[in-house]
Amino acid sequence: MTDGGARRAVFAPVDNLARVEAVVHRLGDAIELGLLADGEQLPGESELAGRLGVSTVTLREALMALRQQGLVTTRRGRGGGSFVSLPDVPGEERLKTRLRGWSTEELRDLGDHWAALSGTAARLAADRTEPDDLAQLRRTTAELARAEDAAARSRVYGRFHVELAAAAQSARLTREQVALQTEIGALLCLVLGDDEYREEVADRQRAVISAVQDGNPETARTQAERCVQESAARLIALRLTL
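Cut-offs used in this document
- Residues numbered from 1 in each chain as written.
- Predicted model: local features only at pLDDT ≥ 70, side-chain atom pairs only at ≥ 80, totals over all residues.
- Heavy atoms only, no water.
- Helix = DSSP H or I, 4+ residues; strand = E, 2+ residues; numbered from the N terminus.
- Rg over C-alpha atoms; globule rule 2.2 N^0.38 Å.
- Buried < 20%, exposed > 50% of the residue type's maximum accessible area, 1.4 Å probe, protein only.
- Contact = heavy atoms within 4.5 Å.
- Areas by Shrake-Rupley, 256 points an atom, 1.4 Å probe, with all protein chains shown as cover.
- Lys, Arg positive; Asp, Glu negative; His and termini not counted.
- Charge placed at Lys NZ, Arg CZ, Asp CG, Glu CD.
- 1 Å grid on protein atoms, 1.4 Å probe; cavity = no way out; pocket = protein on both sides within 12 Å on 5 of 7 lines; lining within 4 Å.
- Points joined across faces, edges and corners; volume = space filled by probe spheres on them.
- Nonpolar A, V, L, I, M, F, W, Y, C, P; charged D, E, K, R; others polar.
- Arc of directions from axis to C-beta.
- Axes fitted to C-alpha atoms, helices over the stretch in contact; angles between N-to-C directions.
- Parallel < 35°, antiparallel > 145°, perpendicular 65-115°, else oblique.
- Left-handed = near helix turned anticlockwise from the far one by under 90°.

1. Details of the overall build of the chain
Item 1. Secondary structure assignment for the chain yields 12 helices and two strands.
Item 2. Starting at the N terminus, the α and β elements of the chain follow one another as α-α-α-α-β-β-α-α-α-α-α-α-α-α.
Item 3. A compact globule built from 242 residues should have a C-alpha radius of gyration of about 18 Å, and the chain, at 18 Å, falls within 12% of that.
Item 4. Dimensions of the chain along its principal axes, counting C-alpha atoms only, are 50 × 45 × 35 Å.
Item 5. The buried share of the chain, taken over its 242 residues, is 50%.
Item 6. Within the chain, contacts between residues at least 6 apart in sequence are counted, and of these 75% link residues at least 24 apart.
Item 7. Accessible area for the chain stands at about 11500 Å²; split by element, carbon and sulfur atoms hold 46% of it.
Item 8. Here the chain holds 32 positive side-chain charges and 37 negative ones, and the gap between their average locations is 4 Å.

If you want it as structure tokens, here you go:
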């Protein structure tokens, strides 16, 4: 995978407070979202600690926590190191149980927050991004169009919005999107299994990319917001049936 803006945000220095927890959340969110690929080797401890702005002791504690969560495995000896271990996505019934834990008001509020983030990212990207910088977004949309199962689709869908924030050249927006996608991303498996809707989402993403490339911030914002709002509306409609 390329070291694009979204991946740079993963390895940017963490906040000063609760650094072990911050590292666990940063790397764990990136793994669950698919920004770090299954089986990918993480940088060595010294390098990774330096990039995250933490001590090696803090990093080792965080890696231990990630191993306990099943998100990282460690191999000893030649060719060893810490490797990403992509978790299985919860089954449909577990996801529905999780969805029942959300009220429709909470889902609507989450959708509003998501739409605000993605809409702002799209608007800024249209003002700040060069056409040649959109290659990763195009690859992600093409990957969504090919993805066969709902789990892969939900990861790629979430990754698009993270990469859109990275295209806006905003580290804060990118981190916010990573956190939000890990909160809602798995639930999207419940609505992305529909092939027709998957194509609809891919078309909407292409429209966002086109507007960003054309330097049309308001169209980019509107398209990004509409994409998110439709997904949130589908989750709310499903929640009402449970």
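2. Brief notes about empty space enclosed by the protein
Item 1. Throughout the structure, instances matching the rule amount to one cavity of 30 Å³ or more.
Item 2. A volume near 30 Å³ is recorded for the largest cavity.
Item 3. As for the largest cavity, its lining consists of A6, A9, V10, R26, R175 and V178.
Item 4. Elements with a minimum of two residues in the lining of the largest cavity: α1 (5–10) and α9 (171–184).
Item 5. The biggest single contributor to the lining of the largest cavity is α1, with three residues.
Item 6. Taken together, the residues of the lining of the largest cavity sort by class into four nonpolar, no polar and two charged.

3. Structural notes on helix α3 (residues 45–52)
Item 1. What α3 keeps buried is the set L48, A49 and L52. Viewed along the axis of α3, the buried residues span an arc of 100 degrees, placing them on a single side of the element. Opposite its buried face, α3 presents the exposed residues S46 and G50, each directed more than 90 degrees away.
Item 2. Residue G53 follows α3 closely and has a positive phi angle near 70 degrees.

4. Let's talk about the packing of helix α11 (residues 195–213) against helix α12 (residues 217–241)
Item 1. Two numbers describe how α11 lies on α12: the axes approach to 7 Å, and their chain directions differ by 160 degrees. One way to sum up the angle between α11 and α12 is to call them roughly antiparallel. Crossing geometry of α11 relative to α12 is assigned as left-handed. On α12, the residues that touch Y197, E200, V201, R204, A207, V208, A211 and V212 of α11 are T219, A220, Q223, A224, R226, C227, E230, S231 and R234.
Item 2. Taken together, the residues that form the contact of α11 with α12 break down as nine nonpolar, three polar and five charged.

5. Quick notes on the layout of surface pockets
Item 1. The volume enclosed by the largest pocket comes to roughly 520 Å³.
Item 2. Lining the largest pocket are 25 residues, and of these G4, G5, A6, Q136 and A166 sit closest to its centre.
Item 3. The element best represented in the lining of the largest pocket is helix α7 (residues 135–146), accounting for six residues.
Item 4. Residue composition of the lining of the largest pocket, by class: nine nonpolar, nine polar and seven charged.

Scope: geometric values only; no functional claims are made or implied.
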